[in-house]
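Residues per chain are reported as follows:
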Amino acid sequence: MYNSLIRPLLFSMDPESAHHLAMRLASVAASVPFGHHLLAGDLTENNKGLGRETMGLRFTNPVGLAAGFDKDARYLTTLEKMGFGFLELGTVTPRPQIGNPRPRLFRLPQDKALINRMGFNNDGVDAMVRRLEKRRNNAIIVGGNIGKNKDTANEEAYKDYLICFEKLYDAVDYFVVNVSSPNTPGLRSLQEREPLRNILMRLQEVNVGRHNKPIALKIAPDLENSQVAEVCELAIETGLAGLVLTNTTVSREGLQTQKDRLEAIGAGGLSGKPVFERSNSVLGLARQWLPKHISLIGVGGIMEPKDALVKFKQGADLVQIYTGFVYFGPGLPAAINKLILNGYDID
Ligand SMILES: Cc1cc2nc3c(=O)[nH]c(=O)nc-3n(C[C@H](O)[C@H](O)[C@H](O)COP(=O)(O)O)c2cc1C
C-alpha cells in the first residue's frame, strides 16, 4: 500500500510538509486498537531472537531511527509501534531555533537520495525534556543527539553541549555528540582533535560523577581515513561507549540527478543510497581500529533490508535508518528484523 498509494501522494507534496503529514497520519493509525499492525511493527514484539546488549543497554531489536527525523521527541509512541528498537532524538540545541529558510529539504528520486539543509530547527532542550518526562517506564530506548546553537562560537561550543547533556541527563538512555552536520557553519571543524577532546572530556567530567551514561560520537563520511583513525584514538582516550557512522555527505559525486537540478538545490547534506559505500567503509575502518567494547551504530544508505545486513557484516552492533524510511516506507524496520530472524546471509 505504501508503494502504490501513500508514497506517490507524499512525493507529490513538498518534502517537509509530506514528512509532517505522514507522521500525523501515522500517529492516528498508532492510536487505534491494533494500530501497530497497520504500522507493521507487530513482527518485532516480544521477539527474543532480535535482542542486543550493547553500550551497557538492552535493545529489543537492533534497528533504530536516525537523528533528524524526530527532532523534538513528538512521535515516540508512533515510532515505537513501527517496530524500531531505539530512537535517536534531536539534534537538539540549548535554545530553540528556526533553522534555515524553506525550502530546505529536497528529493533526488533518481538517486534514491535526499539533500537537506535544515540547520538544526528544533524547539530547544527544555521542550524536549518536558516531552520526555511524560514517557512511561520501560519504554523504547532513546538517545539524545546534542548540538550547538548556530550563534554560539566554536570556542564556546562545549558549553552548549554541556547544557543539553545536563538537562537531558535523566531523560534519555544514551547521548550522541553531533559535530558532523554540514548545515551549521563551522560545526564540522569541531571534529578536529583538540576541540573534540575538549567537548568529550568536559561531558565525561560531569558523567563519571553520576550514572556514567553511554556517550557516542557521530562523524561525517567526508573525513579522510587518517581523521577517522584520530577520532578512534580519541574515542578510546575519552572513554566513549560508541560511534555513529555516518552523517550526511557534502559530496555530489556519481549522482544520476542532472547537474542543473543539483545547482538549483544548492548546499546541504546528501543522504540515502549515494552515501552507503563511504559510510560502510568508515564503519569497517572503525571496527578494525576499535576494541569490541566500543559499539558501532551503522547509518547511511540503508534503502532495503539487505543493506542493513551489509552494515552488520562490516561490524555494526546496531543500525539506523532515515532516507530509506522515506523511500521504502514504514515497513522497513520490521522487514530488516524479519531478515535478521531468518538468518544472516547477505550473498
Ligand atoms: C532531513 C534530514 C535531517 C537530518 N537531521 C539530522 C540531525 O538533526 N542530526 C543528525 O545527527 N543527523 C541528521 N541527519 C542525518 C541522518 O541522521 C543520517 O545520519 C543520514 O541521513 C544518513 O542516513 P540515511 O542515508 O539512512 O538517511 C538528517 C538527515 C536528513 C535526511
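Residues numbered from 1 in each chain as written. Predicted model: local features only at pLDDT ≥ 70, side-chain atom pairs only at ≥ 80, totals over all residues. Heavy atoms only, no water.

> Just checking my understanding: could you explain the site of the ligand for this structure?
For the ligand, the set of nearby residues contains 24 residues, the closest of which are Ala 67, Thr 91, Gly 272, Gly 301 and Thr 323. A distance of 2.7 Å is found between an oxygen atom of the ligand and a backbone nitrogen or oxygen belonging to Ala 67. A distance of 2.8 Å is found between an oxygen atom of the ligand and a backbone nitrogen or oxygen belonging to Gly 301. When isolated, the ligand has an accessible area of 610 Å², and the protein chains bury 98% of it. Of all the secondary-structure elements, those providing two or more residues to the shell around the ligand are strand S4 (86-92), strand S6 (113-116) and strand S11 (269-272). Class assignment of the residues belonging to the shell around the ligand gives a composition of eight nonpolar, 14 polar and two charged. (Near = heavy atom within 4 Å. Polar contact = N/O pair within 3.5 Å; in protein donor to acceptor, adjacent residues only side chain to side chain. Areas by Shrake-Rupley, 256 points an atom, 1.4 Å probe, with all protein chains shown as cover. Helix = DSSP H or I, 4+ residues; strand = E, 2+ residues; numbered from the N terminus. Nonpolar A, V, L, I, M, F, W, Y, C, P; charged D, E, K, R; others polar.)

> Whenever I open this one, the nonpolar core confuses me. Can you help?
Soluble, globular proteins show a tendency: their nonpolar side chains are buried together. In terms of nonpolar packing, the biggest core is built from 75 residues, with Leu 132, Tyr 161, Leu 168 and Leu 243 touching the most fellow members. Not counting residues within four places of it along the chain, the set of residues in contact with Tyr 161 comprises Ile 146, Gly 147, Lys 148, Val 177, Asn 178, Val 179, Leu 187, Leu 190, Ile 199 and Leu 203. Counting 14 residues, the second largest nonpolar core, distinct from the first, contains Leu 57, Ala 216, Val 244 and Leu 318. (Core = buried A, V, L, I, M, F, W, Y, C linked by side-chain atoms within 4.5 Å. Buried < 20%, exposed > 50% of the residue type's maximum accessible area, 1.4 Å probe, protein only. Contact = heavy atoms within 4.5 Å.)

> Help me out: how do you make sense of the sheet that holds strand S7 (residues 141-146) in this one?
In sheet architecture, strand pairing relies on hydrogen bonds along the backbone and comes in two forms, parallel and antiparallel. Ordered in space as S3-S4-S7-S8-S9-S10-S12-S13, the eight strands form a closed barrel in which the pairing is parallel. Pairs of neighbouring strands in the sheet enclose a mean axial angle of 25°, with direction left out of account. Pairing geometry for strand S10 (residues 242-245) and strand S12 (residues 295-299), over four bridges, is parallel. Bridge pairing links Leu 243 to Leu 296 in S12. (Pairing = 2+ DSSP bridges. Axes fitted to C-alpha atoms, helices over the stretch in contact; angles between N-to-C directions.)

> For this particular structure, what's the right way to read the pattern of salt bridges?
Pairing is possible between side chains of opposite charge, provided their charged atoms come close. Under the defined criterion, the tally for this structure stands at 19 salt bridges. Here Asp 222 makes a salt bridge to Arg 188, at a shortest N to O gap of 3.4 Å. In this pair, Asp 222 sits in the loop between strand S9 (215-219) and helix H8 (225-237) while Arg 188 sits in the loop between strand S8 (174-178) and helix H7 (193-208), placing the two residues 34 residues apart along the sequence. Take Asp 222: its relative accessible area is 29%, and that puts it in the partly exposed class. When salt bridges with common partners are traced through the structure, they connect Asp 14, Glu 16, Arg 102 and Arg 104 into a single cluster. (Salt bridge = Lys/Arg side-chain N within 4 Å of Asp/Glu carboxyl O.)

> Honestly, unusual backbone geometry in this entry has me stumped. Any pointers?
Note on backbone geometry: most residues besides glycine have negative phi, and most peptide bonds are trans. Cis geometry is adopted by the peptide bond preceding Thr 91, which originates at Gly 90 and carries an omega value of 10°. Relative to the elements of secondary structure, Thr 91 occurs in strand S4. Following Arg 102, the chain continues into Pro 103 via a peptide bond in cis, with omega recorded as 0°. With respect to the helices and strands, the residue Pro 103 is situated in the loop between S4 and strand S5 (105-108). Even without being glycine, Asn 212 reaches a positive phi, approximately 55°. Along the chain, the position of Asn 212 falls in the loop between H7 and S9. For Asn 212, a relative accessible area of 48% puts it in the partly exposed group.

> Looking at this structure, I do not really get a nonpolar patch on the surface. What am I missing?
There is a patch of nonpolar side chains on the surface, built from Met 1, Leu 5 and Ile 6 and spanning about 330 Å² of accessible area. Residue Leu 5 is classed as exposed on the basis of its relative accessible area, which comes to 56%. (Patch = residues over 30% accessible without salt bridge, like charges linked within 9 Å, V, L, I, M, F, W, Y side chains within 5 Å.)

> Explanation requested: the sheet that holds S5 in the structure shown.
If you walk across this open sheet you meet the three strands as S5-S6-S11, and the pairing is antiparallel. Edge positions in the sheet fall to S5 and S11, since each of these pairs with one other strand and no more. This sheet shows a mean twist of 25° between the axes of neighbouring strands, independent of strand direction. One ladder, built from four bridges, connects S6 with S11; its direction is antiparallel. Directly across from Leu 114, in S11, lies its bridge partner Ser 271.

> Would you explain the side chain of Glu 88 in this entry?
Structurally, Glu 88 can be placed in strand S4. Within the buried core, Glu 88 has no salt-bridge partner, and the shortest N-O distance to an opposite charge, that of Lys 218, equals 4.6 Å. A polar contact is formed between the side chain of Glu 88 and the side chain of Asn 145, at a distance of 2.8 Å. There is a polar contact of 2.7 Å between the side chain of Glu 88 and the side chain of Gln 320. Aside from chain neighbours lying at most four places away, what touches Glu 88 is Leu 65, Ala 66, Ala 67, Gly 143, Asn 145, Tyr 174, Val 176, Lys 218, Val 244 and Gln 320. (Lys, Arg positive; Asp, Glu negative; His and termini not counted.)

> I keep staring at H8 and nothing clicks. Help me out?
One turn of an α-helix holds 3.6 residues; hence residues three or four places apart share an orientation. Between the first and last C-alpha of H8 there are 19 Å, a value that for 13 residues agrees with the 18 Å anticipated at 1.5 Å per step. For H8, every residue scored as buried is listed here: Val 228, Val 231, Cys 232, Leu 234 and Ala 235. Seen from one end, H8 has its buried residues packed into an arc of 165°, which puts them on one side. On its buried face, H8 is in contact with H7, S9, S10 and helix H10 (276-289). Positive backbone phi, at 70°, marks Gly 239, one or two positions downstream of H8. (Expected span 1.5 Å × (residues − 1). Arc of directions from axis to C-beta.)

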